[in-house]
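Residues per chain, in single letters:
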Amino acid sequence: MLTTNGVDLGDPDLYTTLDRRARWRDLAERDAVVWSGPGSSPTGFWSVFSHRACAAVLGPSAPFTSEYGMMIGFDRDHPDTSGGRMMVVTEREPHRRLRKLVGPLLSRAAARELADRVRAEVDGVLDRALDGGVCDVATEVGSRIPAAVVCDILGVPAADQDMMIDLTNHAFGGEDELYDGMTPRQAHTEILVYFDELITARQERPGDDLVSTLVAADGLTIDDVLLNCDNVLIGGNETTRHAITGAVHALATVPGLLADLRDGTADVDTVVEEVLRWTSPAMHVLRVTTADVTVNGQDLPPGTPVVAWLPAANRDPAEFDDPDAFLPGRKPNRHITFGHGVHHCLGSALARIELSIVLRALAERVSRVELVEEPTWLRAIVVQGYRELPVRFTGR
Ligand code: HEM
């Protein structure tokens, strides 16, 4: 067992600098299992970092559940009230049922249908960004595209989308004070109120969107519908936004990448996988043990929270050669950016298509991406994300 000398790994201040990477690297290399005492989490939690240990904790047959919650702060004594109702914190048959209902709306086929929408959003963003000025990719590029896609999936009417995209960006800007005006919590409440109205509208006039699908399903209450719309909204936004921002960061810092994408020397799909590994936007997922289990030699009784740090696993030198380098042709690339096991991200096809469209559009329309200043990072523990990424785009 290792303790981190009183360091609470759930403290968001630890993640605002790149020191986090050195810490994760050290802990992954040692295949450590670390205890963080009460603090960010009322009862404390264990952490694992290596690719092997994270995959083992999240694996399909592991004696762990997400029903008490999947983020630091939750455990058996302080369970997430959405447990057993919202997909990501539900297990067994109810979980399978929710995945079956929501899956088709986020599938590869659905993602392809959304491709034109994504391309239109990317072009709109680039039209504004290609004016020669400094563009903060984190707020101007990354934020708009995923929010627009999620609105389409949910069935938010066109007239309300700009408002919802704004609200979404306020609600999920991280634990940071970057956005003034409404607090993130107020913005999230506004979104839930809006969903409630949308649910009523879809009960009267169903469409072919996610809200209508959930409303029509047997056995789901209005609250269940709300929670699962929220799951897709939360799952689909911030993560993808930081992956998109990271894609632009790679284009600005990896020599020749833009030109290689344009002339086909670099394969877009392979580059997308490396963007996903390198950015690793979902920072942690938590599970609670359901039986006695030994993790890296540490015996844990039932009810113990264990956190898997996905960015640490994605730069574990035992799994990835030269893990800090962005290698456009990296193969194999067994990253666990989308998690692992039964809760593997349901929106992964959509996120991949969004990223590939962004990369293709930039390769087509931009000859140079210049980093104006080093990025700053969000003060957050749920996402590993960019606070600011100022760049200058030069059009072709
Ligand atoms: C689940 C990451 C994009 C919807 C997850 C999980 C991770 C993740 C790590 C597993 C959570 C766990 O095991 O507890 C990401 C990343 C994304 C992304 C890094 C972008 C780069 C999306 C998108 C959507 C989405 C675009 C939908 C529009 C979901 C849903 C789940 C999920 C519904 C729950 C699946 C389940 O519990 O079975 N995501 N996600 N995600 N994600 Fe994503």
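Residues numbered from 1 in each chain as written. Predicted model: local features only at pLDDT ≥ 70, side-chain atom pairs only at ≥ 80, totals over all residues. Heavy atoms only, no water.

*Asks:* Looking at this structure, I do not really get the confidence of the model for the protein chain. What am I missing?
*Replies:* Interpretation of the predicted coordinates at a detailed level should be avoided for regions scoring low in pLDDT. Across the protein chain, the average pLDDT comes to 93, with 96% of residues at 70 or higher. Scored as a complex, the prediction yields pTM 0.96 and ipTM 1.00. (pLDDT = per-residue confidence, 0-100.)

*Asks:* I would appreciate a short explanation of the coordination of the iron atom of the ligand in the present structure.
*Replies:* Ideal geometry at a metal gives 109.5 degrees between four tetrahedral donors and either 90 or 180 degrees between six octahedral ones. A lone protein donor binds the iron atom of the ligand: C345 (SG), at 2.3 Å. Mapping C345 onto the fold places it in the loop between α14 (310-313) and α15 (348-365). (Donors = N, O, S within 2.8 Å, 3.2 Å for Na, K, Ca; no water. Helix = DSSP H or I, 4+ residues; strand = E, 2+ residues; numbered from the N terminus.)

*Asks:* Is there a simple way to explain the site of the ligand in this structure?
*Replies:* For the ligand, the set of nearby residues contains 29 residues, the closest of which are H95, R99, R287, H343 and C345. H343 is positioned with one of its side-chain polar atoms (N or O) 2.6 Å from an oxygen atom of the ligand. Broken down by secondary-structure element, the contributors of at least two residues to the shell around the ligand are α3 (92-106), α11 (222-253), β6 (284-289) and α15. The leading source of residues in the shell around the ligand is α11, at 7 residues. Considered class by class, the residues forming the shell around the ligand number 17 nonpolar, 10 polar and 2 charged. (Near = heavy atom within 4 Å. Polar contact = N/O pair within 3.5 Å; in protein donor to acceptor, adjacent residues only side chain to side chain. Nonpolar A, V, L, I, M, F, W, Y, C, P; charged D, E, K, R; others polar.)

*Asks:* For this particular structure, what's the right way to read the sheet that holds strand β10 (residues 366-371)?
*Replies:* Within a sheet, each strand pairs with its neighbour through backbone hydrogen bonds, oriented either parallel or antiparallel. Spatially, the 3 strands line up as an open sheet ordered β5-β13-β10, and their pairing is antiparallel. Each having just a single partner strand, β5 (134-136) and β10 make up the two edges of the open sheet. On average, each strand axis in the sheet is inclined to that of its neighbour by 40°, with strand direction left out of account. Summarising the sheet, β10 and strand β13 (residues 390-395) pair through 5 bridges and their orientation is antiparallel. (Pairing = 2+ DSSP bridges. Axes fitted to C-alpha atoms, helices over the stretch in contact; angles between N-to-C directions.)

*Asks:* Just to check I follow, could you spell out the environment of L14 for this structure?
*Replies:* Looking at the secondary structure, you find L14 in the loop between β1 (2-3) and α1 (19-29). Residue classification places L14 among the buried positions, given a relative accessible area of 18%. A C-alpha to C-alpha distance of 14 Å links L14 and G39, two positions 25 residues apart in sequence. When residues no more than four places from it in sequence are discounted, the contact partners of L14 are V7, D8, L9, R20 and R23. (Buried < 20%, exposed > 50% of the residue type's maximum accessible area, 1.4 Å probe, protein only. Contact = heavy atoms within 4.5 Å.)

*Asks:* Explanation requested: the side chain of N314 in the structure shown.
*Replies:* Structurally, the position occupied by N314 is in the loop between α14 and α15. Within polar-contact distance, the side chain of N314 engages the side chain of T337 at 2.9 Å. Not counting residues within four places of it along the chain, the set of residues in contact with N314 comprises R277, S280, F320, H335, I336 and T337.

*Asks:* What's the story with unusual backbone geometry in this structure? I'm lost.
*Replies:* Most peptide bonds adopt trans geometry, and most residues besides glycine take a negative phi value. The linkage connecting K331 with the following residue, P332, adopts the cis geometry, with an omega of -5°. Here the phi dihedral of D31 falls at roughly 50°; this positive angle occurs in a residue that is not glycine. With respect to the secondary-structure elements, D31 resides in the loop between α1 and β2 (33-36). Overall, D31 belongs to the partly exposed group, its relative accessible area being 24%. One non-glycine residue, D322, lies in the positive phi region at around 40°.

*Asks:* Just checking my understanding: could you explain empty space enclosed by the protein for this structure?
*Replies:* If a probe the size of a water molecule is rolled over the atoms, the empty space left behind becomes visible. Taken as a whole and judged by the stated rule, the model has 4 cavities of 30 Å³ or more. Elements with a contribution of two residues or more to the lining of the largest cavity: α1 and α13 (268-279). Looking at the lining of the largest cavity residue by residue, the class counts come to 3 nonpolar, 4 polar and 2 charged. (1 Å grid on protein atoms, 1.4 Å probe; cavity = no way out; pocket = protein on both sides within 12 Å on 5 of 7 lines; lining within 4 Å. Points joined across faces, edges and corners; volume = space filled by probe spheres on them.)

*Asks:* Is there a simple way to explain the packing of aromatic side chains in this structure?
*Replies:* To describe a pair of aromatic rings, one takes the distance between the centres and the angle between the planes. Taken as a whole and assessed by the stated rule, the structure comprises 6 aromatic pairs. Judged by centre distance (6.2 Å) and plane angle (40°), the rings of W24 and W309 are tilted. Pair noted here: W24 is in helix α1 and W309 is in strand β9 (residues 305-309), with a separation of 285 residues, a long-range link. Its relative accessible area of 0% is what places W309 among the buried residues. Following the ring pairs from residue to residue traces out a cluster consisting of Y15, W24 and W309. (Phe/Tyr/Trp six-rings, centres within 6.5 Å; stacked < 30°, edge-to-face > 60°.)

*Asks:* I'm lost on the nonpolar core in this one. Help?
*Replies:* Inside soluble globular proteins, nonpolar side chains tend to come together where they are buried. Residues L154, F195, L261, L362 and F393 are the most contacted members of the largest nonpolar core, which totals 84 residues. Here this core takes 11 residues from α11, the largest share from any one element. Setting aside residues no more than four positions away along its own chain, L154 makes contact with F195, L198, D209, L210, V211, C229 and L233. Of all hydrophobic cores here, the second largest spans 23 residues; its members include V33, V57, F64 and A313. (Core = buried A, V, L, I, M, F, W, Y, C linked by side-chain atoms within 4.5 Å.)

*Asks:* Got a minute to help me understand the packing of helix α8 (residues 158-171) against helix α9 (residues 184-204) in this structure?
*Replies:* The N-to-C vectors of α8 and α9 enclose an angle of 145°; their axes lie 7 Å apart at closest approach. As for the relative orientation of α8 and α9, their crossing is left-handed in sense. In this structure, α8 uses D160, M163, M164, L167, T168, H170 and A171 to contact α9, whose residues at the interface are P184, A187, H188, E190, I191, Y194 and F195. Residue composition of the contact of α8 with α9, grouped by class: 9 nonpolar, 3 polar and 2 charged. (Left-handed = near helix turned anticlockwise from the far one by under 90°.)

*Asks:* Would you mind going over the pattern of salt bridges with me for this structure?
*Replies:* Pairing of side chains with opposite charge becomes possible as their charged atoms draw close. Tallied over the entire structure, the rule returns 26 salt bridges. Across the pair D324 and R25 runs a salt bridge, and its minimum N-O distance is 3.5 Å. With D324 in the loop between α14 and α15 and R25 in helix α1, the pair connects residues that are 299 residues apart, well separated along the chain. Judged by its relative accessible area of 40%, D324 is partly exposed. As a salt-bridge pair, E121 and R117 come within 2.8 Å of each other at their nearest N and O atoms. Taken together, the residues E121 and R117, both in helix α5 (residues 115-129) and 4 residues apart, mark about one turn of the helix. Salt bridges sharing common partners tie together R117, E121, R144, D152 and D162. (Salt bridge = Lys/Arg side-chain N within 4 Å of Asp/Glu carboxyl O.)

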